[in-house]
Amino acid sequence: MPHSKQNSDAILKRLSRLNGQVQGVSRMVEEGRYCVDILNQTAAIRSALRAVERLLIEDHARSCMEDAIQSGDQERQRVMFREVVGLLEKVRE
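Fair warning: this is a prediction, and the values are worked out from it, not measured in the lab.

Caption draft 1: Summary view of the nonpolar core. Listed in full, the eight residues of the largest apolar core are Ile 11, Leu 18, Val 25, Met 28, Ile 38, Ile 45, Val 52 and Leu 55. Looking at this core, the elements with two or more residues in it are α1 (5-30) and α2 (35-71). The contacts of Ile 11, once residues within four sequence positions are left out, are Val 52, Leu 55 and Leu 56. The next biggest cluster of nonpolar side chains, apart from the first, holds five residues, and it includes Cys 64, Met 65, Ala 68 and Met 80.

Below, the structure written as structure tokens:
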């Protein structure tokens, strides 16, 4: 199911910002900047990426999982549940 326009805009805005941060880290490496400064930036990138993941998981729960629950199709519900559990395990890593 597609994302709501509001969530898509927020996700795209965050991804665009992430892209800029990654390019900035590349420049820092090319310039031979201090390792700790670079590591601070990579930590910020990881944090921003987790925020994107949270938005996507929230959207998935609000739309896709809700649709599966309302459908009454137990197999579809099980599949959605297993997908979310798998996603949450990946996000935690």
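Structure's up, so let's keep going.
Caption draft 2: Local environment of the environment of Gly 24. Structurally, Gly 24 can be placed in helix α1. Spatially, the C-alpha atom of Gly 24 lies 9.3 Å from that of Ile 38, the residues being 14 residues apart in sequence.

Caption draft 3: Layout of the packing of α2 against helix α3 (residues 74-92). Direction vectors running N to C along α2 and α3 enclose 165°, while the axes themselves pass 9 Å from each other. One element, α2, and the other, α3, form an angle in the roughly antiparallel class. Note on packing geometry: the crossing formed by α2 with α3 is left-handed. Taken together, the residues of α3 that come into contact with α2 (itself represented by Glu 53, Ile 57, His 60, Cys 64, Met 65, Asp 67, Ala 68, Ile 69 and Ser 71) are Arg 76, Gln 77, Met 80, Glu 83, Val 84, Leu 88 and Val 91.

Caption draft 4: Structural context of the side chain of Asn 7. Within the secondary structure, Asn 7 is located in helix α1. On the basis of relative accessible area, Asn 7 is assigned to the buried category, the value being 9%. For Asn 7, the residues in contact, after removing those within four places along its chain, are Asp 59 and Arg 62.

Caption draft 5: Region of the structure containing a nonpolar patch on the surface. A cluster of nonpolar side chains, Leu 12, Leu 15 and Leu 49, forms an exposed patch at the surface whose accessible area comes to about 260 Å². In this structure, Leu 49 sits in helix α2.

Caption draft 6: Expanded view of the pattern of salt bridges. Enumeration according to the criterion identifies four salt bridges in this entry. Across the salt bridge formed by Arg 62 and Glu 58, the nearest N and O atoms sit 2.2 Å from each other. On the criterion of helical spacing, the pair formed by Arg 62 and Glu 58 is a turn pair, its members being four residues apart in helix α2. The exposure class assigned to Glu 58 is partly exposed, which follows from its relative accessible area of 43%. Salt bridges linked by common partners bring Glu 75, Arg 78 and Arg 82 together as one network.

Parameters at a glance
Residues numbered from 1 in each chain as written. Predicted model: local features only at pLDDT ≥ 70, side-chain atom pairs only at ≥ 80, totals over all residues. Heavy atoms only, no water. Core = buried A, V, L, I, M, F, W, Y, C linked by side-chain atoms within 4.5 Å. Buried < 20%, exposed > 50% of the residue type's maximum accessible area, 1.4 Å probe, protein only. Helix = DSSP H or I, 4+ residues; strand = E, 2+ residues; numbered from the N terminus. Contact = heavy atoms within 4.5 Å. Axes fitted to C-alpha atoms, helices over the stretch in contact; angles between N-to-C directions. Parallel < 35°, antiparallel > 145°, perpendicular 65-115°, else oblique. Left-handed = near helix turned anticlockwise from the far one by under 90°. Patch = residues over 30% accessible without salt bridge, like charges linked within 9 Å, V, L, I, M, F, W, Y side chains within 5 Å. Areas by Shrake-Rupley, 256 points an atom, 1.4 Å probe, with all protein chains shown as cover. Salt bridge = Lys/Arg side-chain N within 4 Å of Asp/Glu carboxyl O.

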